[in-house]
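Here are the chains, one letter per residue:
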Amino acid sequence: MARTLIHLPPTVRRGDVIDVRAMIAHPMETGFRADSNGQVLPRDIITRFECRLDDAPVFAADLFAAISANPMIAFTLRAERSGTLHFEWEGDHGFRQRESRPLVVE
Amino acid sequence: MSALTRRELFLAGAAVTLAPVARAAEPALEEAIRAWAGSTVPRDGRVTLEVSPLVDNGNVVPLTVRVQSPMTPADHVREIVVFNQRNPKRDVIRATLTPLSGRAEVSTRIRLATSQRLVALARMSDGSVWQHAVDVVVTLAACIEG
């Protein structure tokens, strides 16, 4: 399991547009670099990130080798109701990680 | 060995040196944009690509794309993408937004192999496409090629 860091504001009022920041520990090896023996290091990147509120898609992104190591994705969400935020990362070699956080709208 | 003349050896060496150039079939920036936008011609405006014009470290370049949009079900940004000019691949990120996004805004951190042009584009729910290009100078390149 890779380490993740999900940042949400501490309190959320109905109708607020909040900032959501999701980070995950991952090398994002590009597939264009060589090791000290001249062997090309195989590509190992996260290719997909998704965020849903319960079943409703909020935000998704296809990521490429140009994204820095330990990818950080920040986006916004209009908080109309409470629910569970689901975060999912997918990548090369069957990489997959899911996290969830409660969204409590006051 | 004696079968090879000096000229043949020179040409063989040249062929090896040129091989990586011949391999680079990656499309140019304009082609990548055309492939994504289809028949729609991108217009300047509505999109703001925020990135420092002078980058010290190409490994971690903070970048934000903002698009002017009410983000209602009737009128919102469907997609925000960023392309680059001189990394090994043209794609950087392709984000899908929804009316639940509230604002049309995406931030991330990217790698830049060298000084180059970045283009952010947005596709609206009415099908129109908007763009903003920024030229970035990179002093320390990302070690993308080793």
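Re the overall build of chain B
Of regular secondary structure, chain B possesses 2 helices and 9 strands. For chain B, the α and β elements follow one another from N to C terminus as α-α-β-β-β-β-β-β-β-β-β. When the 146 residues of chain B are sorted by exposure, 36% land in the buried category. Counting contacts in chain B only where the partners sit at least 6 residues apart, residues at least 24 apart contribute 67% of the total.

A word on the overall build of chain A
Counting its regular elements, chain A contains 0 helices and 7 strands. Along chain A, helices (α) and strands (β) appear in the sequence β-β-β-β-β-β-β when read from the amino end. Once the C-alpha set of chain A is aligned to its principal axes, its extents read approximately 60 × 20 × 20 Å. Here chain A holds 106 residues, and the buried ones make up 27% of them. Long-range contacts, defined as pairs at least 24 residues apart, comprise 57% of the intrachain contacts of chain A with a sequence gap of at least 6.

Digging into unusual backbone geometry
All names here are of chain A. We note that Asp 54 has phi near 55 degrees; this positive angle belongs to a residue other than glycine. Inspection of the secondary structure assignment puts Asp 54 in the loop between β3 (46–53) and β4 (56–63). Here the phi dihedral of His 93 falls at roughly 55 degrees; this positive angle occurs in a residue that is not glycine. Looking at where His 93 falls in the secondary structure, it is placed in the loop between β6 (83–91) and β7 (96–103).

Topic: the interface of chain B and chain A
Each partner contributes residues to the interface: chain B has 29 residues there, and chain A has 27 residues. At the level of elements, β6 (91–97) and β7 (104–110) of chain B are the ones that each hand at least two residues to the side of chain B that touches chain A. In terms of residue count, β6 of chain B provides more of the side of chain B that touches chain A than any other element does, 7 residues in total. Looking at the side of chain B that touches chain A, its residues break down into 11 nonpolar, 10 polar and 8 charged.

Here we look at the confidence of the model for chain B
Residue and element names in this part refer to chain B. With 80% of its residues at a pLDDT of at least 70, chain B reaches an overall mean of 87. In the model, residues 14–23 has pLDDT below 50 throughout and makes 0 contacts with residues more than four positions away in sequence or in other chains. Interface confidence for the predicted complex, expressed as ipTM, amounts to 0.94; the pTM equals 0.87.

Regarding the sheet that holds strand β1 (residues 4–7) of chain A
Taken together, 6 strands build an open sheet; the order of strands is β1(A)-β2(A)-β5(A)-β7(B)-β4(B)-β2(B) and the sheet is antiparallel. Bordering the open sheet on either side are β1 of chain A together with β2 (47–50) of chain B, each of which pairs with just one other strand. Adjacent strand axes in the sheet meet at a mean angle of 15 degrees, parallel and antiparallel pairs treated alike. Where strand β4 (residues 61–67) of chain B meets β7 of chain B, 7 bridges bridge the pair, whose relative direction is antiparallel. Each bridged residue has a counterpart across the sheet, and for Val 61 of chain B the counterpart in β7 of chain B is Ile 110 of chain B.

Parameters and conventions
Residues numbered from 1 in each chain as written. Chains lettered and ligands numbered in written order. Predicted model: local features only at pLDDT ≥ 70, side-chain atom pairs only at ≥ 80, totals over all residues. Helix = DSSP H or I, 4+ residues; strand = E, 2+ residues; numbered from the N terminus. Buried ≥ 20, exposed ≤ 12 C-beta atoms within 10 Å, placed from the backbone. Contact = placed C-beta atoms within 7 Å. Nonpolar A, V, L, I, M, F, W, Y, C, P; charged D, E, K, R; others polar. pLDDT = per-residue confidence, 0-100. Pairing = 2+ DSSP bridges. Axes fitted to C-alpha atoms, helices over the stretch in contact; angles between N-to-C directions.

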